[in-house]
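# Breakdown of the fold
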Amino acid sequence: MADDRQSGTAGRALMPASGAGVLPSVGPRLVTVVSLAGLLAIWWVAAILADSRVLPTPPQVAEAFWRDAATGELFFHLAMTLMRVVAAFVLAMVIGSVIGICLGMNREANRFFDPWLILFLNIPALVIIVLAYIWFGLNEAAAIGAIAVNKIPNVVVTLREGARTLDRDLEEMARVYRFSAMKTLRHVVLPQLQPYFAAASRTGISLIWKIALVVELLGRSNGVGFQINLYFQLFDVASILAYTLAFVAVMLTIEFFLVQPFEAHSTRWRPKRARG
Amino acid sequence: MSNLSKPIPPAGGPNALEVDIRAKTFRGADGEDVRAIEAIAFSVAPASFATLIGPSGCGKTTTLRIILGLDREFSGSLKLPDSGGRVAAVFQEPRLLPWRTVDDNVRLVLSDEEADGDLDDLFEILGLAEMRSRYPAELSLGLARRVALARAFAIRPSLMVLDEPFVSLDEQTATRLRALLTNVWSARPTTAVMVTHNLREAVELSDRIIFLTERPARVRGVYEIDKPRAERDSRWREATLTSIAKRYSGIL
Ligand SMILES: Nc1ncnc2c1ncn2[C@@H]1O[C@H](COP(=O)(O)OP(=O)(O)OP(=O)(O)O)[C@@H](O)[C@H]1O
Ligand SMILES: [Mg+2]
């Protein structure tokens, strides 16, 4: 018992020194790399142990990747999916933000449309996709529209929350100094909504690309979703994983090189200590 | 300096500001009516400085909001110095846009033609020359208040409304800011209404002091000051304070 307690306090006394000293010097980048390498190792070991066609090893997946990359096929399908994701994302953000801001600023409208919103939030993605294809045909507009419609209610809810928290004081200031409607929107309203745009696009991008694959699987003849369906019928798990990982890599690249720098830029006025 | 001390087209509007609020009632959240103002009537001559003094919660901010046109639900009438002229406000809080630099905060209130104009003199006189590229979060309250003043003066308003612009500053900073306000305002006098709790401040800055009663507010009395600001030394101030305190008991 006494030993226990002693080692416990000793351990705690050591903690700050090692915790504060080693981890930051190693750097968060390296931690990420080590963590991903660990995941890869587990997969590899599991694949070797299982020794089965349905759980390929990392080299087998890499091979599938090179095979389709060399023909250019992989990049074509990635590009098609990315095009749909981007189009649906822009569409959903614009429409969802406009509706959300209107509902947040207008109590009566919000009371009336709130049930609609709850309804749309609860319609399964699959239903929207199937109905879109039935009503509008198996075409690109129906596909992109279906993805966007799935995302719009989320954007509306987030931006509505943002519009409710708009600062009355600043709005009054803008009125006294006779800001035009455009000036008020651009310099007073939108900057306040920036965190809500960020939140909506964060959850948005990951949700949208998952839905995009289903849309492609059901009614398109190209894109990552179409390819995955194809390889599913061939039972080619290595290719399925190759396509999945490739697209995840595309999305992470967008996150690191587009989303995060943009966010850092648009929040540069915040006191530094408030940032994590 | 040059810009501000040069002879400039007459500041303020051609008319006096005339406020005549007969009644102002708020509907509270519990549905009960709160009478904020019973009757407040006063006028402010063109290019003169008036101060409202009254107990906390008596309806001073409400009066200013009515003058600013932010609250139109009152009975009574209002005549602005210049119907088309611009109105500037310095609120109880600085109300700067946190995502804009000091310079942008001031420029944003200017019309598109003026927006590229030269503001060096204004920033210089208010001691903000070094601060122009900072964001409001990096400013102390005293500095933020100065930016709010700069913004108000930048538009060369025909009416200026100030709501306790120096509250919750230490006395030294407040004194400096009062001197700055006197300077900028004297360079281009415009019709001004200020609310304060500080009688010294009022005596230093005003041409006319309007005393208000407890809520619901009525005008308790009006005190006129004719002495030019430059001649208001500390002896004169003490004497004036004493005579006001004698006239309006409980005011100090
Ligand atoms: N929006 C509102 N709804 C209900 N009551 C209000 C509202 N605004 C102000 N009041 C009430 O009206 C009265 C006057 O308020 P006002 O803000 O004008 O006071 P004030 O003289 O500026 O006070 P202070 O010196 O503390 O700033 C107060 O009793 C306040 O509670
Ligand atoms: Mg007040």
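Residues numbered from 1 in each chain as written. Chains lettered and ligands numbered in written order. Predicted model: local features only at pLDDT ≥ 70, side-chain atom pairs only at ≥ 80, totals over all residues. Heavy atoms only, no water.

### Comments concerning the overall build of chain B
Counting its regular elements, chain B contains eight helices and nine strands. What you see for chain B is a C-alpha radius of gyration of 18 Å, in line with the 18 Å of a compact globule of 252 residues. Dimensions of chain B, computed from C-alpha atoms along their principal axes, come out at roughly 50 × 45 × 35 Å. Relative to its 252 residues, chain B shows a buried fraction of 53%. Restricting to contacts in chain B with at least 6 residues of sequence separation, those with at least 24 account for 71%. Accessible area for chain B stands at about 11,400 Å²; split by element, carbon and sulfur atoms hold 48% of it. Across chain B, the mean location of the 34 positive side-chain charges is 4 Å away from that of the 35 negative side-chain charges. (Helix = DSSP H or I, 4+ residues; strand = E, 2+ residues; numbered from the N terminus. Rg over C-alpha atoms; globule rule 2.2 N^0.38 Å. Buried < 20%, exposed > 50% of the residue type's maximum accessible area, 1.4 Å probe, protein only. Contact = heavy atoms within 4.5 Å. Areas by Shrake-Rupley, 256 points an atom, 1.4 Å probe, with all protein chains shown as cover. Lys, Arg positive; Asp, Glu negative; His and termini not counted. Charge placed at Lys NZ, Arg CZ, Asp CG, Glu CD.)

### Some words on the packing of aromatic side chains
For the structure shown, the criterion picks out nine aromatic pairs over all chains. Ring centres of F112 of chain A and F113 of chain A lie 5.0 Å apart, and the angle between their planes is 85°; this geometry places the pair in the edge-to-face category. For F112 of chain A, a relative accessible area of 53% translates into the label exposed. Overall, F113 of chain A belongs to the partly exposed group, its relative accessible area being 32%. Taking 6.0 Å as the distance between ring centres and 50° as the angle between the ring planes, the aromatic pair formed by F112 of chain A and W116 of chain A counts as tilted. Of the two residues, F112 of chain A and W116 of chain A are both situated in helix α5 (residues 107-122); the distance of four residues between them amounts to about one turn of the helix. Residue classification places W116 of chain A among the partly exposed residues on the basis of a relative accessible area of 48%. Pairwise contacts between aromatic rings join F112, F113 and W116 of chain A into one cluster. Cation over ring: K183 of chain A sits above F179 of chain A, and NZ or CZ is 5.1 Å from the ring centre. We note K24 of chain B situated over the ring of F26 of chain B; from NZ or CZ to the ring centre the distance is 4.6 Å. (Phe/Tyr/Trp six-rings, centres within 6.5 Å; stacked < 30°, edge-to-face > 60°. Lys NZ or Arg CZ within 6 Å of the ring centre and 35° of its normal.)

### So, the domain arrangement of chain B
For an interface, size is often stated in terms of accessible area lost upon the parts coming together. Residue and element names in this part refer to chain B. Split into domains, chain B comes out as domain 1 (17-86 + 157-247) and domain 2 (98-155). Spacing between the C-alpha centres of domain 1 and domain 2 amounts to 24 Å. Taken together, the contact between domain 1 and domain 2 spans 17 residues of the former and 15 residues of the latter. Summed over both sides, the interface of domain 1 with domain 2 buries roughly 1,300 Å², with 71% coming from carbon and sulfur. In this structure, the connection of domain 1 to domain 2 is made through one salt bridge. Two residues, E114 and R86, come together in a salt bridge whose shortest N-O distance is 3.9 Å. Taken together, the connections running from domain 1 to domain 2 amount to three residue pairs in polar contact (both at pLDDT 80 or more). Listing elements by their share of the side of domain 1 that touches domain 2, those giving two or more residues are β6 (159-163) and α6 (171-187). Residues of the side of domain 1 that touches domain 2, tallied by class, amount to twelve nonpolar, three polar and two charged. (Domains from an automatic or database assignment. Buried area = accessible area lost by both parts, 1.4 Å probe. Salt bridge = Lys/Arg side-chain N within 4 Å of Asp/Glu carboxyl O. Polar contact = N/O pair within 3.5 Å; in protein donor to acceptor, adjacent residues only side chain to side chain. Nonpolar A, V, L, I, M, F, W, Y, C, P; charged D, E, K, R; others polar.)

### So, the interface of chain A and chain B
Taken together, the 17 residues of chain A in the interface contact 26 residues of chain B. A buried area of about 2,100 Å², summed over both sides, lies between chain A and chain B, and 59% of it is on carbon and sulfur atoms. If you look at where chain A meets chain B, you find three salt bridges. We note a salt bridge from D169 of chain A to R95 of chain B, for which the minimum N-O separation is 3.4 Å. Where chain A meets chain B, there are nine residue pairs in polar contact (both at pLDDT 80 or more).

### Some thoughts on unusual backbone geometry
Keep in mind that most residues, glycine aside, have a negative phi and that most peptide bonds are trans. Note that the residue after R215 of chain B, namely P216 of chain B, is joined by a cis bond; omega there is -10°. Inspection of the secondary structure assignment puts P216 of chain B in the loop between β8 (208-212) and β9 (217-224). Its identity is not glycine, yet F235 of chain A carries a phi of approximately 60°, on the positive side. Note that F235 of chain A resides in the loop between α10 (224-233) and α11 (237-266). Phi is positive for S168 of chain B, close to 55°, though the residue is something other than glycine. Mapped onto the elements of the fold, S168 of chain B is located in the loop between β6 and α6.

### Let's talk about the site of ligand 1
Residue and element names in this part refer to chain B. Lining the immediate environment of ligand 1, one finds 13 residues, of which S56, G57, K60, T61 and T62 sit closest. One of the backbone nitrogen or oxygen atoms of G57 is found 2.8 Å away from an oxygen atom of ligand 1. Take T62: an N or O atom from its side chain is 2.5 Å from an oxygen atom of ligand 1. Summarising the interface, the protein chains cover 64% of the accessible area of ligand 1, which totals 630 Å² for the free molecule. Here the element with the most residues in the shell around ligand 1 is helix α2 (residues 60-68); it accounts for three residues. Looking at the shell around ligand 1, its residues break down into three nonpolar, seven polar and three charged. (Near = heavy atom within 4 Å.)

### Examining the nonpolar core
By size, the foremost hydrophobic cluster in this structure holds 77 residues, and its most contacted members are Y177 of chain A together with F42, L126 and L162 of chain B. In terms of residues, this core owes the most to one element, helix α5 (residues 141-154) of chain B, which gives nine residues. For this core, the domains that each give at least three residues are domain 1 (17-86 + 157-247) and domain 2 (98-155) of chain B. The residues touching L162 of chain B, leaving out its near neighbours within four places in the chain, are F49, L64, V90, L149, L181, A192, V193, M194 and V195 of chain B. Membership of the second largest hydrophobic core comes to 37 residues, among which are L74, A109, L117 and I129 of chain A. (Core = buried A, V, L, I, M, F, W, Y, C linked by side-chain atoms within 4.5 Å.)

### What to know about the pattern of salt bridges
With the rule as written, the count across this model stands at 32 salt bridges over all chains. Residue D33 of chain B pairs with R27 of chain B through a salt bridge whose shortest N-O separation is 2.6 Å. Looking at D33 of chain B, the relative accessible area reads 44%, which means it is partly exposed. R27 of chain B gets classed as exposed once you look at its relative accessible area, which sits at 60%. Among the charged side chains, a network of salt bridges with common partners joins D169 and E172 of chain A together with R65, E93 and R95 of chain B.

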